[in-house]
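Structural overview
Chain by chain, the residues run as shown.
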Amino acid sequence: MNTRRAVILAFLVAAGILLQILESFVPVVMLVPGYKIGLANIAGLFALYTYGPKDMMIVTVCRIFLAGLLTGSLFSVGFMLSVSGAILALLAMTLAKRSGLFSIYGVSVAGAAAHSVGQVLAVTAIYQQYFMQMFLPVLLALSIVSGLLIALVSERLLKRMKHTLARSQGRRL
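Since the structure is predicted, the reported quantities are computational estimates derived from the model, not experimental observations.

**Let's talk about the overall build of the protein**
Looking only at helices and strands, one finds seven helices and zero strands in the protein. Helices and strands in the protein line up, N terminus first, as α-α-α-α-α-α-α. Its C-alpha atoms give the protein a radius of gyration of 16 Å, within 12% of the compact-globule value 16 Å for 173 residues. By principal-axis analysis of the C-alpha atoms, the protein measures approximately 55 × 35 × 25 Å.

**Re the environment of Gly-100**
With respect to the helices, strands and loops of the structure, Gly-100 is situated in the loop between helix H4 (77-99) and helix H5 (104-127). It is 21 Å that separates the C-alpha atoms of Gly-100 and Val-153, two residues lying 53 residues apart in sequence.

**Considerations on a nonpolar patch on the surface**
Together, Met-57, Val-61, Phe-65, Leu-66, Leu-69, Leu-74, Phe-75, Val-77, Met-80, Ile-126 and Tyr-127 line one region of the surface with nonpolar side chains, adding up to about 950 Å² of accessible area. If you list the elements that add at least two residues to the nonpolar patch, you get helix H3 (53-71), H4 and H5. Ranked by residue count, the leading element in the nonpolar patch is H3, at five residues. Tracing the backbone through its elements, the reader meets Tyr-127 in helix H5.

**Things to note about H3**
For H3, built from 19 residues, the straight-helix expectation of 27 Å at 1.5 Å per residue is met to within 8% by its first-to-last C-alpha distance of 27 Å. All of the buried residues along H3 are Asp-55, Met-56, Val-59, Thr-60, Arg-63, Ile-64, Ala-67 and Gly-68. Close packing links the buried residues of H3 with helix H1 (3-24), helix H2 (41-50) and H4. Looking one or two places after H3, you find Gly-72, whose phi comes out positive at around 75°.

**Some points on the environment of Leu-48**
Along the chain, Leu-48 falls in helix H2. Taking the C-alpha atoms as reference, Leu-48 lies 31 Å from Met-132; in sequence the two are 84 residues apart. Filtering out sequence-adjacent residues up to four positions away, Leu-48 remains in contact with Pro-53, Met-56, Met-93, Lys-97 and Val-107.

**Structural notes on the nonpolar core**
Residues Leu-12, Leu-45 and Val-59 are the most contacted members of the largest nonpolar core, which totals 22 residues. Mapped onto this core, the elements with two or more residues apiece are H1, H2, H3, H4, H5 and helix H6 (136-160). Broken down by element, this core gets its largest block of residues, six residues, from H2. With sequence-adjacent residues up to four places away left out, Leu-45 is seen in contact with Met-93, Ile-104, Val-107, Ser-108, Ile-150, Ala-151 and Ser-154. Ranked by size, the runner-up nonpolar core spans five residues in total, among them Val-32, Tyr-35, Val-120 and Leu-139.

**Observations regarding the pattern of salt bridges**
Between side chains of opposite charge, a pair can form as their charged atoms come close. For the structure on display, the rule yields one salt bridge. The partner of Arg-5 in a salt bridge is Asp-55, with the nearest N and O atoms 2.2 Å apart. With Arg-5 in helix H1 and Asp-55 in helix H3, this residue pair connects regions lying 50 residues apart in the sequence. What makes Asp-55 buried here is its relative accessible area of 1%.

**Thoughts on the environment of Arg-160**
Inspection of the secondary structure assignment puts Arg-160 in helix H6. With a relative accessible area of 72%, Arg-160 lands in the exposed category. Along the sequence, Arg-160 and Tyr-105 sit 55 residues apart, while their C-alpha atoms lie 17 Å from each other.

Rules of the game
- Residues numbered from 1 in each chain as written.
- Predicted model: local features only at pLDDT ≥ 70, side-chain atom pairs only at ≥ 80, totals over all residues.
- Heavy atoms only, no water.
- Helix = DSSP H or I, 4+ residues; strand = E, 2+ residues; numbered from the N terminus.
- Rg over C-alpha atoms; globule rule 2.2 N^0.38 Å.
- Patch = residues over 30% accessible without salt bridge, like charges linked within 9 Å, V, L, I, M, F, W, Y side chains within 5 Å.
- Areas by Shrake-Rupley, 256 points an atom, 1.4 Å probe, with all protein chains shown as cover.
- Salt bridge = Lys/Arg side-chain N within 4 Å of Asp/Glu carboxyl O.
- Expected span 1.5 Å × (residues − 1).
- Buried < 20%, exposed > 50% of the residue type's maximum accessible area, 1.4 Å probe, protein only.
- Contact = heavy atoms within 4.5 Å.
- Core = buried A, V, L, I, M, F, W, Y, C linked by side-chain atoms within 4.5 Å.

Below is the structure:
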């Protein structure tokens, strides 16, 4: 990995942590407890479309662990829910992008939906409360909105950064 790429990935991790922490201060009044839009996922989606699945995984995993460490929630239930959702989201986004069937919007929605499924499975396993699965249809509907919003921001960011990224990767446009 070259230095520029490492610096950009580190910046994405830092931006993701900042977005995650800022979003935790914004109360979202929803029918589903703990629902967040997932603004920090902009960093992971950006990494996926800039460098690929491996770098998306690096950005996402580093962001989750470092944010957990910074907020004092490392290995808490919230942290475990985040990790379980991220594992499925990373897998879904990688498969969706590799299939070539989806735009950035479809990839993002697939990731958001998989994240919701992962969190519901984890909360069910941790608390042995199967009623939490009743929230899944609402979470999946909200995932469509979240995924589209994250994709919109990521797509615009990618377009604005096109020239800078091409130079940092040694490519011509």
